[in-house]
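Below, each chain spelled out in residue letters.
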Amino acid sequence: MSRLLLVSNRLPVTVKAEKDSVSVVRSAGGLATGLSRPHERSGGLWIGWPGDVSRLSGAQRAKVESQLAELRCVPLYLSASEVSRYYEGYSNRVLWPLCHYMPDRVPRQDRDWEAYAKVNERFAELVARHYQPGDTIWVHDYQLMLVPGLLRQRLPEARIGYFHHIPFPSSEIYRMLPHREELLRGLLGADVVGFHTPSYVHHFSSTLLRLLGLETDLDHVTYEGRAVRLGAFPMGIDAAAFEGLATHPAVLEEVRVLKERSAGQRLLLGIDRLDYTKGIPRRLLAVQRLLEREPYLRGRLRFIQVAVPSRTQVEDYAAYRDKVDELVGRINGLYGTVHNVPIHYLYRSFNERQLVGLYSAADVMLVTPVRDGMNLVAKEFCASRPDENGVLILSEFAGAATELRDAVMVNPFDVESMADAILQALEMSEEERRKRMQCLRAQVKSRDVHWWVGHFLDTLQSVPTPTVRSTPGVAEVSARLRQAPRRVLLLDYDGTLVGYAPRPELAAPDAELKELLARVVALPDTAVHIVSGRFRDKLEAWMGDLRVGLHAEHGLWSRSGPGAPWRMLEGVSPEWKEQARPMLDLFSSRVPGSFVEEKTASLAWHYRQVDTGFGAWQARELRLKLGEVLAGGPLEVLPGDKVVEVRPRGVNKGRVVAQALEGMAPGTVVAAFGDDRTDEDLFAALPEGALSVHAGGKPSRATYRVNGPAEVRKVLAALLEP
């Protein structure tokens, strides 16, 4: 097993200072428990914030650092300002509510982005400093979304995983973020990006398509020449530990006492961090509604709601606590007596034994968040019931609902239906309760936290180790071309010399490009050919005054220089168009914003102005339909950048190479530049020793890669340097 570098906002420890002594204590959370084995076995490091140590003396801090080193924990210290702005600010006032579908809670102004980006930079620098070749890096959660990309820049050969522990929202919600592209590109620095559920993977894929134009192919997306795996890895708990605690004598005694004090009452239980995503107010209203509807339950129902203090410095959380306090007081005022109140509200933390005692004693467990990445409380309840009793009521908007299908599912926004569900759980037969709990426990035990860790790391380890090209792009291509005694340049136009425009006619060359090409073709022993899918009249109008070879419609038409006649490839007939045209016209009529472009020997369906997701879906369907219509014939269907093209087989840019290199003198260096599928034919036809340069991040046979038209122009401009 390679050494594992774990990276999270918090280290899995708590620093305790008492008078003159200080100690570092391991945390007992699910993530800390699950990752402890691979952390120990791999001899790896855990990198994160150790909490506030600003009040420690120098000697105490040195002792803390010594104890952290023994635990192989590497601290990243954050200032009070960084905690306020990076953690409480951007992470928890912007990303947290937005990912939980509460954009109204996001501040009007994005004041803390710079602090978030700066702290992510600090994390990446610290990880890179401790990285050794062969290490595996696993980054955790929304506080560090930029870190994978920052690490990829520093460590291009590293194996990097990222796991998102909270929901990933639909693209309509995510697109509200001002810095949305930066965060996506940060995540795409990883080799594997993991989420709790398939729906989060789908949302992420849809967002990549809509914002970055990246299409997911089954379980991966190609970005900057790398295949990034996307997957659902539902996190589990240490089920065996919870089951063991449930049979511990101290816990059994706690359960006995709870049941004795609740004699004659049915016990409902809710355990949550006091967070506005947990749905506590509506849950309380559901209990109130049940007591209104079923008077016989008054005095016979006891609801224990544990609310663990959370993010007490964030204003929204203080307001939320006031709201919950008010509701509890009102309901108890309505239905309480001098001997009993229906809601026992406990605003404090509990240790694991106390929690398992509550889980074991409850008749019904209420887990009703309005949105939750997973919710491990639901799984802890099931693991704590070796008696195979108790009923789980679970929100359909919790990630755990994907797995725990034998729970009683509820819509947490529907108070009336939640009251119905509570009544259903209270009246459920013993046989049904046991059957449901047996299935829930089997699921929780088979997919525990150790399974989760192993599944993710196995997937990450299966990804081929990223290779670093010995020829990195602009600098080396420029150097080789400048040193060449003679050179032939084959240049694609759209996406290579200029960016893509909404409509083909809007991508005319700018004055800067025309001047650059004019100076390049004026260099001695330099021949330039523009190889494009565009019409010959358009290339003539745009480039006809330059001393360049022009090749239109992917090489169907060619012209050697200014004033020379255009010549067409022999043996190409347009008669086939009547076979394919009706299908393209059909899609053009039913997809607003799309249109059909007819060329001499090809037809192209353009959808650049169509809604991104819908356009990609329709393009896939069109390719399938055309494949059925044209199967086995002399035509081929070619997907491009927001275009589907039909053309005769054999008409491709590769046919240009022989013409362009005719009479080439020995020692001439040939270089071809392109950005899409049509240019792969050009690269494939190059002679041995030629330079092929892909402009962009798609898969390519090219030996060099540059970042779009701007860097292609840099290569050309470098030829002009003295």
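Residues numbered from 1 in each chain as written. Predicted model: local features only at pLDDT ≥ 70, side-chain atom pairs only at ≥ 80, totals over all residues. Heavy atoms only, no water.

1. Digging into the overall build of the chain
Under the convention used in this document: Each helix is a run of H or I in the DSSP string that is no shorter than four residues. Each strand is a run of E no shorter than two, and both are numbered from the N terminus. Three exposure classes are used, based on accessible area relative to the maximum for each residue type with a 1.4 Å probe and protein chains only: buried under 20%, partly exposed in between, and exposed over 50%. Here, two residues are considered to be in contact whenever any of their heavy atoms come within 4.5 Å of each other. Counted as positive: Lys and Arg. Counted as negative: Asp and Glu, with His and the chain ends omitted from the count. Every charge is mapped onto a representative atom, which is NZ of Lys, CZ of Arg, CG of Asp or CD of Glu.
Across its full length, the chain holds 25 helices and 29 strands. Expressed along its principal axes, the backbone C-alpha trace of the chain runs to roughly 105 × 65 × 45 Å. Counting only residues that meet the buried cut, the chain has 56% of its 722 residues in that class. In the chain, the proportion of contacts linking residues at least 24 apart, taken out of those at least 6 apart, comes to 71%. Counting 91 positive and 90 negative side-chain charges, the chain places the centres of these two groups 2 Å from one another.

2. Comments concerning the environment of Asp387
One can find Asp387 in the loop between helix 14 (376–383) and strand 16 (391–395). Using a relative accessible area of 34% as the deciding quantity, one classes Asp387 as partly exposed.

3. As for unusual backbone geometry
Backbone geometry places Tyr101, a non-glycine residue, at a positive phi of 65°. Look at Tyr101 and you get partly exposed, because its relative accessible area is 25%. Even without being glycine, Glu388 reaches a positive phi, approximately 55°. With respect to the helices, strands and loops of the structure, Glu388 is situated in the loop between helix 14 and strand 16. Assessed through its relative accessible area of 27%, Glu388 is described here as partly exposed.

4. Concerning the side chain of Ser170
Examined against the element boundaries, Ser170 turns out to sit in the loop between strand 7 (159–163) and helix 6 (171–174). Take Ser170: its relative accessible area is 14%, and that puts it in the buried class. Excluding its chain neighbours within four sequence positions, the residues that come into contact with Ser170 are Tyr101, His203 and Thr207.

5. A closer look at the pairing of strand 13 (residues 301–308)
The following threshold applies: Between any two strands, at least two bridges found by DSSP are needed for them to pair. Crossover handedness is defined here as right-handed if the route from the first strand over the helix to the second strand goes clockwise, with the strands pointing away from the viewer.
Within strand 13, seven of the eight residues are buried, leaving the element largely enclosed by the surrounding structure. Judged from the eight bridges that link them, strand 12 (residues 266–273) and strand 13 form a sheet pairing that is parallel. Its bridge partner lying in strand 13, Arg273 is registered against Val308. Chirality of the crossover, the property in question, places the unit of strand 12, helix 11 (residues 280–293) and strand 13 among those that are right-handed. Summarising the sheet, strand 13 and strand 14 (residues 343–346) pair through four bridges and their orientation is parallel. From the neighbouring strand, Phe303 faces strand 14, where its bridge partner is Ile343. One crossover worth recording links strand 13 to the parallel strand 14 by way of helix 12 (residues 315–335), and it is right-handed.

6. Regarding the pattern of salt bridges
Just so we agree on the cut-off: Note on definitions: salt bridges are taken to be side-chain nitrogens of Lys or Arg within 4 Å of carboxyl oxygens of Asp or Glu.
Taken as a whole, this structure holds 51 salt bridges when the rule is applied. A salt bridge links Asp545 to Lys514, with the nearest nitrogen and oxygen atoms 3.6 Å apart. Taken together, the residues span a long stretch of sequence, with Asp545 in the loop between helix 20 (536–543) and strand 20 (549–552) and Lys514 in helix 19 (residues 511–521) at a distance of 31 residues. Members of the salt-bridge network, linked through shared partners, are Arg289, Glu292, Arg293, Glu416 and Asp420.

7. Details of the packing of helix 14 against helix 16 (residues 430–446)
Condition: Convention adopted: a line fitted to C-alpha atoms gives each axis, helices being fitted over their contacting stretch, and angles between N-to-C directions are expressed from 0 to 180 degrees. Roughly parallel means an angle under 35 degrees; roughly antiparallel, over 145; roughly perpendicular, 65 to 115; everything else is oblique. By convention the crossing between two helices is left-handed if the near helix lies anticlockwise of the far one by an angle smaller than a right angle, and right-handed if it lies clockwise. Polar here means any residue other than Ala, Val, Leu, Ile, Met, Phe, Trp, Tyr, Cys and Pro, which are nonpolar, and Asp, Glu, Lys and Arg, which are charged; Gly is therefore polar.
Between helix 14 and helix 16, the least distance of the axes is 9 Å, while the angle of their chain directions is 115°. Our classification of the angle between helix 14 and helix 16 gives roughly perpendicular. Between helix 14 and helix 16 lies a crossing whose hand is left-handed. Residues Lys379, Phe381, Cys382 and Ala383 of helix 14 touch helix 16, and the partners they reach there are Met437, Leu440, Arg441 and Val444. Its residues assigned to classes, the contact of helix 14 with helix 16 comprises six nonpolar, no polar and two charged.

8. Things to note about helix 15 (residues 415–427)
Our working definition: One less than the residue count of a helix, multiplied by 1.5 Å, gives the span that helix is expected to have. Identification of polar contacts relies on pairs of N or O atoms within 3.5 Å, with a donor-acceptor requirement for protein atoms, meaning one able to donate a hydrogen and the other able to accept it, and with residues adjacent in sequence counted only if both atoms are side-chain atoms.
Here helix 15 contains 13 residues, and its C-alpha end-to-end distance of 19 Å stays within 8% of the 18 Å for a straight helix at 1.5 Å per residue. All of the buried residues along helix 15 are Met418, Ala419, Ala421, Ile422, Leu423, Ala425 and Leu426. Its buried side turned inward, helix 15 meets strand 12, helix 11, strand 13, strand 15 (364–367), strand 16 and strand 17 (408–410). The opening residue of helix 15 is Asp414, an N-cap whose side-chain oxygen sits 3.3 Å from the backbone nitrogen of Glu416.

9. Looking at the sheet that holds strand 20
The mixed open sheet is built from eight strands, whose spatial order is 22-21-20-19-18-27-28-29. Strands with a single pairing partner mark the edges of an open sheet, and in this sheet they are strand 22 (567–568) and strand 29 (704–706). Alignment of strand 21 (residues 557–559) against strand 22, held across two bridges, turns out to be antiparallel. Residue pairing in the sheet places Trp557 in a bridge with Met568 of strand 22. The strands that helix 20 touches are strand 20 and strand 21; relative to strand 20, the one it contacts most, it runs at about 150°.

10. A look at the sheet that holds strand 14
Where strands meet in a sheet, backbone hydrogen bonds hold them as pairs that are either parallel or antiparallel. An order of 14-13-12-15-16-17 is seen for the six strands of this open sheet, with the pairing classed as parallel. In this open sheet, the two strands that pair with only one neighbour each are strand 14 and strand 17. Adjacent strand axes in the sheet meet at a mean angle of 20° when their direction is disregarded. Contacting strand 12, strand 13, strand 14 and strand 15, helix 11 crosses the sheet at an angle of about 170° to strand 13. Strands strand 12, strand 15 and strand 16 of the sheet are contacted by helix 14, whose axis makes an angle of about 170° with strand 16.

11. Some words on the packing of aromatic side chains
Here is the rule: Planes of paired rings set the category: under 30 degrees apart is stacked, over 60 is edge-to-face and the rest tilted, where pairs are Phe, Tyr or Trp rings (Trp by its six-membered ring) whose centres lie within 6.5 Å.
All chains considered together, the criterion is met by 21 aromatic pairs. Look at Phe233 and Phe456: their rings are 5.0 Å apart centre to centre, the planes differ by 65°, and that puts the pair in the edge-to-face class. In this pair, Phe233 sits in the loop between strand 11 (226–232) and helix 9 (239–246) while Phe456 sits in helix 17 (residues 449–462), placing the two residues 223 residues apart along the sequence. Phe456 matches Phe233 in its accessibility class, with the two residues each being buried. Taking the centre distance of 6.3 Å and the plane angle of 70° together, the rings of Tyr359 and Phe381 count as edge-to-face. Of this pair, Tyr359 sits in helix 13 (residues 352–361) while Phe381 sits in helix 14, and the two are 22 residues apart along the sequence.

12. A closer look at helix 5 (residues 147–154)
Within helix 5, six of the eight residues are buried, leaving the element largely enclosed by the surrounding structure. Among the residues making up helix 5, those that are buried are Val147, Pro148, Gly149, Leu150, Leu151 and Arg152. On its buried side, helix 5 packs onto helix 4 (113–130), strand 6 (136–140), strand 7, helix 7 (180–187) and strand 11.

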